[in-house]
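Residues per chain are reported as follows:
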2 protein chains.
Amino acid sequence: MNYLEALNNRYSVKKFDPTRIVEPEKLYQILEAARLSASSMGLQPYKIYIVGSEPVKQQLIPAFYNPSQISTCSHLIVITSKKHLEKEYLDGYLRHITEVRGTPAEQLLRFKANIEGFTKDQNFVQQHWAEKQSYIALANLMFAAALEDVDTCPMEGFRADALGDVLMLDREKEQVSVTLALGYRAADDAFQTLKKVRKPTEKLFKFI
Amino acid sequence: MNYLEALNNRYSVKKFDPTRIVEPEKLYQILEAARLSASSMGLQPYKIYIVGSEPVKQQLIPAFYNPSQISTCSHLIVITSKKHLEKEYLDGYLRHITEVRGTPAEQLLRFKANIEGFTKDQNFVQQHWAEKQSYIALANLMFAAALEDVDTCPMEGFRADALGDVLMLDREKEQVSVTLALGYRAADDAFQTLKKVRKPTEKLFKFI
């Protein structure tokens, strides 16, 4: 399938077919697209929870304003983002670069100073910066799922505290950015027949 | 090309081949992927500027902390996001839904109330919400470009005021979210030979 056909075929599913589970091999490919996501300075300041357990999904239903996706989806993905860029995190990242690329630590000092510089800028807001990076991962998940013919619904309408309780998040360190239900559309989900509403080219783009 | 191969092949280009221009048909396909991006409530609270003009690109160089991408890329994309969700914008969006889908305006009243409700919530920060949506479009551009074998470099290191001056943005209404250079990697861009550094699966994902 051409990728534009896949994106045209995608819509935010309101009701999934609860009898269909996303095949593990497809799920891992889709997740790999998120792992390969670009992020600012490569810092990947987020974590991705994949809830396939039926009892846990049931527990999560009250955390959402619209429960129909959670109660019918195959997997619920919860993306959290880092509240702080701790020294240990940054040091671990730099060590990882050295391990993977063989770059001597001394050669990374300027890169480290750059990261420390921009994170100390008065206009830098850690949580928003980390959330934005997590949305790139979200988009890669949706795009890859569309290519795999797996349906999705991204959701921002959740009670973060309730989600945090069930997933036992470390609230000092992470916050829920966004969530994504995965599965296969139910045959009677009426939204699949609606035409896609997008801004026309001339309103969205300006060529200079 | 398999999409994971394409994402693995992607890296943030530091120097493009200045003699190669992205073919218009490829550019339009890539932009169409951004136009089809999902966004919260479908509101697409952003605009996408595509700078192909050489003199304008030259003018934009001082707006970036790292000029090498701007001076060598084929096209520079600047994504701005809306600072306010004006009544007219929302009304225009609802009218557009009615035009495209034939949904009677009365049937959209609850949807409208929902949008007004969440945008008035005390935890809602318009600018961050809009920026996050624009990052989904950014990610779709990078993903589609990778599939088209077009190289990219996303950049957050810019002086928004300087960009706004050159592009004559309406600063009351829009702010620069993020930028993306498009083109083809230069043969001597050393970064293309470096191994990709990404968190291992067990650190990024938690299966529940």
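Our structure's up above, just so we're on the same page.
How each quantity is defined
Residues numbered from 1 in each chain as written. Chains lettered and ligands numbered in written order. Predicted model: local features only at pLDDT ≥ 70, side-chain atom pairs only at ≥ 80, totals over all residues. Helix = DSSP H or I, 4+ residues; strand = E, 2+ residues; numbered from the N terminus. Buried ≥ 20, exposed ≤ 12 C-beta atoms within 10 Å, placed from the backbone. Contact = placed C-beta atoms within 7 Å. Core = buried A, V, L, I, M, F, W, Y, C linked by C-beta atoms within 7 Å. Least-squares fit on C-alpha atoms with pLDDT ≥ 70 in both. Pairing = 2+ DSSP bridges. Axes fitted to C-alpha atoms, helices over the stretch in contact; angles between N-to-C directions. Nonpolar A, V, L, I, M, F, W, Y, C, P; charged D, E, K, R; others polar. Parallel < 35°, antiparallel > 145°, perpendicular 65-115°, else oblique. Left-handed = near helix turned anticlockwise from the far one by under 90°.

## Remarks on the overall build of chain A
On a plain count of helices and strands, chain A comes out with 9 helices and 5 strands. From first element to last, N terminus to C terminus, chain A shows the α and β order α-α-β-α-α-β-α-α-α-β-α-β-α-β. In terms of principal-axis extent, the alpha carbons of chain A reach across some 60 × 50 × 35 Å. For chain A, buried positions account for 39% of its 208 residues. Pairs at least 24 apart in sequence give 84% of the contacts found in chain A among residues at least 6 apart.

## Topic: the nonpolar core
Across soluble globular proteins, you tend to see nonpolar side chains buried next to one another. Counting 101 residues, the largest nonpolar core has Ile-77, Leu-138 and Leu-141 of chain A together with Leu-138 and Leu-141 of chain B as its most contacted members. Beyond its immediate stretch of four places on either side in the chain, Leu-141 of chain A contacts Ile-30, Ala-33, Ala-34, Ile-77 and Leu-180 of chain A.

## Some points on the relation of the copies chain A and chain B
For these two chain copies, the linking operation is a rotation about an axis paired with a shift along it. When chain A is brought onto chain B, the operation consists of a screw motion whose angular component is 180° and whose axial shift is 0.0 Å, with 0.0 Å RMSD remaining. Those values place the two copies in the arrangement expected of a two-fold rotation axis. When the interface residues of chain A are mapped onto chain B, 100% of them again lie at the interface, so the same face is used by both copies.

## A look at the sheet that holds strand β1 (residues 46-51) of chain A
With mixed pairing, 5 strands are arranged side by side in an open sheet as β3(A)-β4(A)-β2(A)-β1(A)-β5(B). Taken across any chain shown, the strands that pair with only one partner, and hence form the sheet edges, are β3 (151-155) of chain A together with β5 (205-207) of chain B. If you compare each strand with its neighbour and ignore which way they point, the axes differ by 20° on average. Of the strand pairs in this sheet, strand β2 (residues 75-82) of chain A and strand β4 (residues 174-183) of chain A are connected by 8 bridges, and their pairing is antiparallel. Residue pairing for β4 of chain A: Ser-81 of chain A is matched across the bridge by Gln-175 of chain A. Most of the contacts of helix α7 (residues 126-147) of chain A go to β4 of chain A, to which it runs at about 10°, and overall it touches β1, β2, β3 and β4 of chain A.

## Quick notes on the interface of chain A and chain B
With 52 residues of chain A at the contact, the number on the chain B side is 52 residues. Only α1 (3-9), α2 (24-35), β1, α5 (87-101), α7, α9 (201-204) and β5 (205-207) of chain A provide two or more residues apiece to the side of chain A that touches chain B. With 12 residues, α7 of chain A is the largest single contributor of residues to the side of chain A that touches chain B. In terms of residue class, the side of chain A that touches chain B is built from 29 nonpolar, 12 polar and 11 charged. Here β1 of chain A runs beside β5 of chain B; their pairing, made up of 3 bridges, is parallel. Bridged to Tyr-49 of chain A within β5 of chain B is Lys-206 of chain B.

## Notes on unusual backbone geometry
Residue and element names in this part refer to chain A. Backbone geometry at Asp-149 places phi at a positive 65°, although glycine is not the residue there. Mapping Asp-149 onto the fold places it in the loop between α7 and β3. With 12 C-beta atoms counted inside 10 Å, the residue Asp-149 sits in the exposed group. Its identity as a non-glycine residue notwithstanding, Met-168 has a phi of 50°, on the positive side. Residue placement: Met-168 occurs in the loop between α8 (160-167) and β4.

## A closer look at the environment of Met-155 of chain B
Mapped onto the elements of the fold, Met-155 of chain B is located in strand β3 (residues 151-155). Non-local contacts of Met-155 of chain B, meaning those with residues more than four positions away in its chain, are made with Phe-64, Gln-69, Thr-179 and Ala-181 of chain B.

## Regarding the sheet that holds β3 of chain B
If you walk across this open sheet you meet the 5 strands as β5(A)-β1(B)-β2(B)-β4(B)-β3(B), and the pairing is mixed. A single partner strand is all that each edge strand has here, and the edge strands are β5 of chain A together with β3 of chain B. Each neighbouring strand pair of the sheet contributes to a mean axis angle of 20°, computed without reference to strand direction. The sheet contacts of helix α7 (residues 126-147) of chain B involve β1 (46-51), β2 (75-82), β3 and β4 (174-183) of chain B, and relative to β4 of chain B the element is tilted by about 10°.

## Digging into the pairing of β4 of chain B
In summary, the side chains of a regular strand alternate between the two faces of the sheet. Residues and elements named next belong to chain B. Counting buried residues in β4 gives 9 out of 10 residues, a clear majority hidden from the surface. In the sheet, β3 pairs with β4 via 5 bridges, with the strands oriented antiparallel. Its bridge partner lying in β4, Asp-151 is registered against Gly-183.

## With respect to the environment of Phe-16 of chain A
Within the secondary structure, Phe-16 of chain A is located in the loop between α1 and α2. Contacts of Phe-16 of chain A, omitting those with residues within four sequence positions, involve Gln-69, Thr-72, Cys-73, Ser-74, Asp-151, Ala-181, Gly-183, Tyr-184, Arg-185 and Ala-186 of chain A.

## Here's the deal with the packing of α7 of chain A against α7 of chain B
At their nearest, the axes of α7 of chain A and α7 of chain B sit 8 Å apart, and the two run at 45° to each other. Between α7 of chain A and α7 of chain B, the angle falls in the class oblique. Note that α7 of chain A runs across α7 of chain B; the crossing there is right-handed. Taking contact as the criterion, the partners of His-128, Glu-131, Lys-132, Tyr-135, Ile-136, Leu-138, Ala-139, Asn-140 and Phe-143 of chain A in α7 of chain A are, on α7 of chain B, His-128, Glu-131, Lys-132, Tyr-135, Ile-136, Leu-138, Ala-139, Asn-140 and Phe-143 of chain B. Of the residues assigned to the contact of α7 of chain A with α7 of chain B, the class counts are 10 nonpolar, 4 polar and 4 charged.

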